Amino acid sequence: AATAVAAEEEPITPPVQVHYTQLLINGQFVDAASAFSSASLYCGKTFPTLDPRTGEVIAHVAEGEAEDVNRAVAAARKAFDEGSWPRMTAYDRSRIMYRFADLIEKHNNEIAALETWDNGKPYEQAAEMEIPSLTRVIRYYAGWADKIHGLTVPADGPHHVQVLHEPIGVAGQIIPWNFPLLLYGWKVGPALACGNTIVVKTAEQTPLSALYVSKLAHEVPSAVQVLTVDITSANVDSTYFHDKDPFPFPAFQMKAGLPPGVLNVISGFGPTAGASLASHMNVDKLSFTGSTDTGRIVLELAARSNLKPVTLELGGKSPFIVCEDADVDKAVELAHRALFFNQGQCCCSGSRTFVHEHVYDEFVEKAKERALKRTVGDPFRKGVEQGPQIDEKQFNKTLDYIRSGVESGATLQAGGGRVGSKGYFIQPTIFSDVKDEMTIAREEIFGPVQSILKFKNIDEVMVRANATRYGLAAGVFTKNLNTANTLIRGLKVGTVWINCFFVFDAAIPFGGFKMSGQGREKGMYGLKNYLQVKAVVTPLENPAW
Ligand code: ADP
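Conventions and cut-offs
Residues numbered from 1 in each chain as written. Predicted model: local features only at pLDDT ≥ 70, side-chain atom pairs only at ≥ 80, totals over all residues. Axes fitted to C-alpha atoms, helices over the stretch in contact; angles between N-to-C directions. Helix = DSSP H or I, 4+ residues; strand = E, 2+ residues; numbered from the N terminus. Parallel < 35°, antiparallel > 145°, perpendicular 65-115°, else oblique. Left-handed = near helix turned anticlockwise from the far one by under 90°. Contact = placed C-beta atoms within 7 Å. Nonpolar A, V, L, I, M, F, W, Y, C, P; charged D, E, K, R; others polar. Near = placed C-beta within 6 Å. UniProt positions renumbered as here; feature names shortened; annotations may be inferred. Buried ≥ 20, exposed ≤ 12 C-beta atoms within 10 Å, placed from the backbone. Pairing = 2+ DSSP bridges. Expected span 1.5 Å × (residues − 1).

> Would you take a moment to explain the packing of helix 2 (residues 90–106) against helix 6 (residues 208–217) for this structure?
Helix-helix packing: each pair is described by the crossing angle between the helix axes and the interaxial distance. Where helix 2 contacts helix 6, the axes come no closer than 9 Å and their chain directions differ by 135°. With respect to each other, helix 2 and helix 6 are oriented oblique. Crossing handedness for the pair helix 2 and helix 6: right-handed. In this structure, helix 2 uses Phe100, Leu103 and Ile104 to contact helix 6, whose residues at the interface are Val213, Leu216 and Ala217. Taken together, the residues that form the contact of helix 2 with helix 6 break down as six nonpolar, no polar and no charged.

Below is the structure:
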């Protein structure tokens, strides 16, 4: 099989520096509570975060563990129970969130560079897609903050019945490494809008960008800084500053964005920091994005502790169905992006490409041509479409799946190996003649490996597309309205994209059927995760009412 373009050259120096490596607790950067074992050198525990282009250390980051999670949850608890955030007007919350979004936008390129460095995704994609999408989703939920309201219910009897929608409390949010900031936005945005306080646990592979962004949330953009310069002046714009806020006066000028304790960020590992958060008795809500296996663990931890409600966004093996009447060139290009985008590391990748037998040969040929043109290399280089996989574990796992595909008898059309000799780059790989029972057609690979399967008719492909424990998304390519409608109704998935793929608007709900998850994020559905419902019944004195 042919290879893609390799970039065997010195890595480009990232156009950004790492400023923040500590834990963000109660609005302050602090070291981890546990120390290195060396008694002579007291220093909070750290772990290295690596550059996937080379496997070299970018920075040593504070390693949060149970004690740190306790501290962060205590800060979030206090900010919720006593602080201004859930008590200020929704309009003020919304304004702070808009300012937060403005700051993210202002620092878009630095944030994107940090993300590329830590994650390996192409800088252009981070700068033009992921970070702007983060800004968008924060603005989207800023817009909701003052539009969240309950209802009144026409109950039987002389009663006035109201339903209040209240913030749920302290939200624990566990984030994966594939879209460290986009998925942060999907969770932090709605939780803040509803007036909750938050403890985020970032993925151990990608701790840097959320620290940077969360620090910004505590600041005021320069355009409005002038309003807060003099707190003693009568003109001070401090409507969002509540006198019960615990931070001292001098800090106010520096940190008049989010009050301290509202948004805490813990870097660290899953079985320690993540598990502490999932099982914490003082966390009122858990939201998790990651693998199905880990989702099952956190759901169990939540159930065994305080029965906190859990939102899960898990794995997938999404079908991408190309019908015989589809525009083949367009379908080839979108199927390519549906699989290879983000180095194949998307929970909703179109990882089973079903192609109708009448267009199958043409499709395979064109898909191969496209994959061979895909530029793989340093993600900081202009025009590069694919960077390295996140880490050695994912790199090896993907190569194992490629071996499994070859051994099970699928035809290797392109790729099949690594690119270069350092870092975690993998050739865009295509298998045709893939059969449903093969491991590569059943398990989530999470790498740049496209599996193409042949089908004969719609009824058959629907059954095969649904024959998986997952149900995250599906793509359907057809010009026939009836075919589209049949598949829309029949596919057991959370998102159906017709003649398109990967359309992620902040307003569109996203989530899975079956073992792809529970609940929905984004859109107005995302708010439900962070609201409690309180029914209030008042007798009506005058029964005539
Ligand atoms: P992957 O296997 O691709 O790294 P995971 O689902 O394990 O994906 O990771 C997603 C997130 O879940 C990360 O932030 C990770 O640290 C966290 N995590 C992993 N294991 C656990 C666990 N046992 N409890 C809580 N969180 C965990």
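The structure having been displayed, the exposition proceeds.
> Where do I start with the site of the ligand in this structure?
Contacts to the ligand come from 17 residues, most closely from Gly270, Gly274, Gly290, Ser291 and Thr294. For the shell around the ligand, the secondary-structure elements that each account for two or more residues are helix 9 (270–278) and helix 10 (292–304). If you tally residues by element for the shell around the ligand, the top one is helix 9, at five residues. When its residues are assigned to classes, the shell around the ligand shows ten nonpolar, five polar and two charged.

> Help me understand the UniProt feature "active site" (unreviewed entry) in the protein chain in this model?
The positions that UniProt labels "active site" (unreviewed entry) are, in the present scheme, Glu313. Note on placement: Glu313 falls in strand 11 (residues 310–313). On the basis of neighbour counts, which here come to 27 C-beta atoms within 10 Å, the residue Glu313 falls in the buried class. Once you skip the residues sitting within four places of it in the chain, Glu313 turns out to touch Thr289, Cys347, Gly511, Gly512, Gly517 and Glu521.

> Quick question: what am I supposed to make of the sheet that holds strand 6 (residues 159–167) here?
Adjacent strands of a sheet pair through backbone hydrogen bonds, lying either parallel or antiparallel. Taking strand neighbours across the sheet as the criterion, the three strands line up as 5-6-20 in an open arrangement whose pairing is antiparallel. Edge positions in the sheet fall to strand 5 (151–153) and strand 20 (531–539), since each has one partner strand and no second. Strand-to-strand twist in this sheet, taken as the mean axis angle between neighbours without regard to direction, amounts to 25°. Both strand 5 and strand 6 contribute to a ladder of three bridges, which runs antiparallel. If you follow Leu151 over to strand 6, its bridge partner there is Val163.

> Honestly, the sheet that holds strand 12 (residues 319–322) in this entry has me stumped. Any pointers?
Pairing in this open sheet of seven strands is mixed, and the strands run 14-15-16-13-12-17-18 from one edge to the other. In the strand order of this sheet, the two ends are held by strand 14 (411–414) and strand 18 (495–498), each with one partner. Within this sheet the neighbouring strands show an average axis-to-axis angle of 20°, counted without direction. The sheet contact formed by strand 15 (residues 429–432) and strand 16 (residues 449–455) spans three bridges and is parallel.

> Hey, could you run me through helix 2 in this one?
Residues separated by three or four positions in an α-helix point in the same direction, a consequence of the helix having 3.6 residues per turn. For helix 2, which comprises 17 residues, the first-to-last C-alpha distance of 24 Å matches the rise-based estimate of 24 Å (1.5 Å per residue) to within 8%. Among all positions of helix 2, only Arg93, Ser94, Ile96, Met97, Arg99, Phe100, Ala101, Leu103 and Ile104 are buried.

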